[in-house]
Amino acid sequence: MAVMGTMVGAGLTLTYTISTDQFEAQIINYDWSGGEVESLETTHMGTTYGARTFRPGWIDFGTLTVECHFDNKAAATKSHLLTNADRQNTSGSIVVTYPDPDGAGALTPGTFTCSGFVTNAATRVPLRGTATITYTFKLTAAPTVVATA
Amino acid sequence: MQIDEDIIAFAVADVALRRLVSDRVSFELMGERDTLPAVTIETVTDEPARHMGGRGGLTRYEYRVRCWGRSRVEASNVRQAWIECFDEYRGQMGRSVVPSLYCENASDEPAGPDQGVAQQIPCLALTMEVWVREFAASAV
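Just so we're clear, the structure is a prediction, and the values are computed from it rather than from any experiment.

### What to know about the confidence of the model for chain A
Line of reasoning, step 1. The predicted model of chain A averages 85 in pLDDT, with 89% of residues at 70 or higher.
Line of reasoning, step 2. Taken element by element, the predicted model of chain A shows its lowest mean pLDDT in helix 1 (residues 76–79) of chain A (50) and its highest in strand 5 (residues 54–60) of chain A (97).

See below:
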């Protein structure tokens, strides 16, 4: 029986490469919505009365939401991925490298690779505490997942 | 820590505060025989702004500042001078870069044994929150 383990977020990195630029963030929260399979109803007049029937349809690989530290002084152009014309109407490459659950640096780091584009970049600058920018990426294909080894 | 030294240097360089406490500003406990008025500072906590790859370049420090006087009025004058010197300060402080600083939570603080002084010495306290830039951020 497979047993699910645990790990912490320290050590996770994300790079987003688009056009000639590479985005590296100071990530404080990382969320992937997960993929969702569309369910298509297949109930018809000949179906035995009682339960509707379905079949799986297209897969939507959802969104990545990444909350990062925000410093408007440091690399302002990279802070606003939505504002550069050469990045519009274009997907980039997202590579997430998962931390080694043992903290030691695995021989083969676990990765999550996919293509996507930025749909939202929201900044939050509180009176107290650090400023953040939250990027939302829409995934445009199936991600490739490599387990840590 | 560098910011500790910079806070002391900043305080004793302030004309109004220095007129009251001279150079009697320290992170040491208050002694019964110490000259009054004086200020003692205690580090309550430090919280580096971390991210998944390490430290983000800013650290939040919280200090408890105790203002001692021969009377409550004198202690109150010291606390007021401290607030006027430090509250909402932003910029270079000695070798530290301070983007944000607040003085608040002023309270009467009867000294207890943990302060190393007799109970009779009037003491007024406040909390000082100091954000310190440790290093410039890289790309966001």
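### Here we look at unusual backbone geometry
Where the residue is not glycine, phi is negative for most of them; where a peptide bond is considered, it is trans in most cases.
Residues and elements named next belong to chain B.
Line of reasoning, step 1. Along the chain, leucine 36 connects to proline 37 via a cis peptide bond; the corresponding omega equals -5°.
Line of reasoning, step 2. Counting through the fold element by element, proline 37 comes out in the loop between strand 1 (25–26) and strand 2 (38–51).
Line of reasoning, step 3. With phi around 55°, serine 22 is a residue other than glycine that occupies positive phi space.
Line of reasoning, step 4. By the secondary structure assignment, serine 22 is in the loop between helix 2 (15–21) and strand 1.

### So, the pattern of salt bridges
Line of reasoning, step 1. The tally for this structure, following the rule as stated, stands at 11 salt bridges over all chains.
Line of reasoning, step 2. The shortest N-O distance in the salt bridge between glutamate 41 of chain A and arginine 52 of chain A comes to 2.6 Å. Linking glutamate 41 of chain A in strand 4 (residues 36–41) with arginine 52 of chain A in the loop between strand 4 and strand 5, this pair joins segments that are 11 residues apart in sequence.
Line of reasoning, step 3. The partly exposed category is assigned to glutamate 41 of chain A, whose relative accessible area is 41%.
Line of reasoning, step 4. Between arginine 60 of chain B and glutamate 62 of chain B there is a salt bridge; the shortest N-O distance is 2.8 Å. As far as the burial class goes, arginine 60 of chain B and glutamate 62 of chain B line up, both buried.
Line of reasoning, step 5. When salt bridges that share partners are traced, they join Arg128 of chain A together with Glu47, Arg60, Glu62, Glu104 and Glu129 of chain B into one network.

The rules behind each value
Residues numbered from 1 in each chain as written. Chains lettered and ligands numbered in written order. Predicted model: local features only at pLDDT ≥ 70, side-chain atom pairs only at ≥ 80, totals over all residues. Heavy atoms only, no water. pLDDT = per-residue confidence, 0-100. Helix = DSSP H or I, 4+ residues; strand = E, 2+ residues; numbered from the N terminus. Salt bridge = Lys/Arg side-chain N within 4 Å of Asp/Glu carboxyl O. Buried < 20%, exposed > 50% of the residue type's maximum accessible area, 1.4 Å probe, protein only.

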